[in-house]
Amino acid sequence: MKLNVAIVGRPNVGKSTLFNRLVGKKLALVDDRPGVTRDRRENEAKLGDLLINIIDTAGLEVAEEDALETRMRLQTEEAISMADVIFFMIDARTGLTPMDEYFANMVRKSGKTTILLANKAEGKAADGGFYEAFSLGLGEPIAVSAEHGIGMADLYEVLVKHE
Ligand code: GDP
Ligand code: MG
């Protein structure tokens, strides 16, 4: 059984960028037939030799008539419920926002195994946000850059313990 890993966090922290990085080339194989436009955000992914099933929160389908805020909350709840392990992501460049706290609360309440990712950690501009992340109560953050592929080995080391 592959581990289900959901990437959770407020918009714009870099969830989809990490999703795409971990899914890699396989993403191109997903429904590029004409007429099949739906963006699938759940896929098999590889981290080192670990084969996992990765879930990107924002692609999960929820009722469209709901307000954006409600949809975001529902998608996050759905992602959390599907997950064996949660990657909770913050943007280390902007630092914590009330919305980060809000989603962190949902994750904490789920009681699921959570790995805290301080993304956009390439360069010094991320130092402040990295240290702020400790205050979420989700353990020690791992500094990553989804865009530049930094921290993937550290992420592997932590995830492999939960396999
Ligand atoms: P999502 O809304 O959480 O899915 O975030 P996206 O993956 O769409 O990324 C939001 C923005 O952050 C995009 O402009 C990305 O290019 C940027 N981004 C993602 N990862 C990184 C990173 O590691 N470093 C930097 N500097 N920007 C990033
Ligand atoms: Mg996204």
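Per an unreviewed UniProt entry, the protein is named GTPase Der, and its organism is Cohaesibacter gelatinilyticus.

In the vicinity of ligand 1, 16 residues are found, and the nearest of them are Gly14, Lys15, Ser16, Thr17 and Glu147. When residues in the shell around ligand 1 are grouped by element, the largest group, 3 residues, is from helix 1 (residues 15-23). In terms of residue class, the shell around ligand 1 is made up of 4 nonpolar, 8 polar and 4 charged.

A sheet is described by the order of its strands in space; here 6 strands give the open sequence 2-3-1-4-5-6, paired in mixed fashion. Two strands lie at the open edges of the sheet, namely strand 2 (42-47) and strand 6 (142-143), each paired on one side alone. Set on the sheet, helix 2 (residues 68-82) makes contact with strand 1 (3-8), strand 3 (50-56) and strand 4 (85-91); between it and strand 1 the angle comes to about 155 degrees. Against the sheet, helix 3 (residues 98-110) makes contact with strand 1, strand 4 and strand 5 (113-119), and its axis sits at roughly 170 degrees relative to strand 4, the strand it touches most.

Moving on to the environment of Thr113. Relative to the elements of secondary structure, Thr113 occurs in strand 5. C-beta crowding within 10 Å serves as the criterion here: with 16 such atoms nearby, Thr113 is assigned to the partly exposed category. In sequence terms Thr113 and Phe87 are 26 residues apart; their C-alpha atoms lie 8.8 Å from each other. Not counting the four nearest positions on each side in its chain, Thr113 is found in contact with Val85, Ile86 and His162.

This part is about the confidence of the model for the protein. In the predicted model, the protein carries a mean pLDDT of 88, and the fraction of residues at 70 or more is 88%. Contacts from residues 28-38, a stretch scored under 50 in pLDDT, to residues over four places away or in other chains number 5 contacts. Reported confidence for the predicted complex is 0.99 by ipTM and 0.91 by pTM.

To continue, consider helix 3. Helix length check: helix 3 (13 residues) gives 19 Å between terminal C-alpha atoms against 18 Å at 1.5 Å per residue, within 8%. Every buried residue of helix 3 is accounted for by Asp100, Phe103, Ala104 and Val107. Buried positions in helix 3, seen along its axis, are confined to an arc of 105 degrees and lie on one side of it. Turned more than 90 degrees from where helix 3 packs its buried face, Pro98, Asn105 and Lys109 sit exposed. Packed against the buried residues of helix 3 are strand 1, helix 2, strand 4 and strand 5. Backbone geometry just downstream of helix 3 places Gly111 in the positive-phi region, at approximately 70 degrees.

Let us look at the packing of helix 2 against helix 3. Where helix 2 contacts helix 3, the two axes come as close as 11 Å, and the packing angle between them is 30 degrees. Here helix 2 lies roughly parallel to helix 3, going by the angle between them. Of the two possible hands of crossing, helix 2 and helix 3 adopt the one that is right-handed. The residues of helix 3 that touch helix 2, namely those facing Thr76, Glu77 and Ile80, are Phe103, Met106, Val107 and Ser110. For the contact of helix 2 with helix 3, the residue count by class is 4 nonpolar, 2 polar and 1 charged.

Right, let's get into the nonpolar core. Core analysis: the biggest nonpolar cluster contains 38 residues, and Ala6, Ile7, Val8, Phe87, Phe88, Leu117 and Ala118 have the highest contact counts within it. A per-element tally of this core places strand 4 first, with 5 residues.

This paragraph deals with the pairing of strand 5. Along any regular strand the residues' side chains alternate between the sheet's two faces. Of all the 7 residues making up strand 5, 6 are buried; the element is thus mostly covered by neighbouring parts of the structure. Here strand 4 runs beside strand 5; their pairing, made up of 7 bridges, is parallel. Its bridge partner lying in strand 5, Ile86 is registered against Thr114. For the crossover that starts at strand 4, traverses helix 3 and ends in the parallel strand 5, the hand is right-handed. Crossover connection from strand 5 via helix 4 (residues 127-132) to parallel strand 6: handedness right-handed.

Definitions and limits used
Residues numbered from 1 in each chain as written. Chains lettered and ligands numbered in written order. Predicted model: local features only at pLDDT ≥ 70, side-chain atom pairs only at ≥ 80, totals over all residues. Near = placed C-beta within 6 Å. Helix = DSSP H or I, 4+ residues; strand = E, 2+ residues; numbered from the N terminus. Nonpolar A, V, L, I, M, F, W, Y, C, P; charged D, E, K, R; others polar. Pairing = 2+ DSSP bridges. Contact = placed C-beta atoms within 7 Å. Axes fitted to C-alpha atoms, helices over the stretch in contact; angles between N-to-C directions. Buried ≥ 20, exposed ≤ 12 C-beta atoms within 10 Å, placed from the backbone. pLDDT = per-residue confidence, 0-100. Expected span 1.5 Å × (residues − 1). Arc of directions from axis to C-beta. Parallel < 35°, antiparallel > 145°, perpendicular 65-115°, else oblique. Left-handed = near helix turned anticlockwise from the far one by under 90°. Core = buried A, V, L, I, M, F, W, Y, C linked by C-beta atoms within 7 Å. Right-handed = clockwise from strand over helix to strand, strands pointing away.

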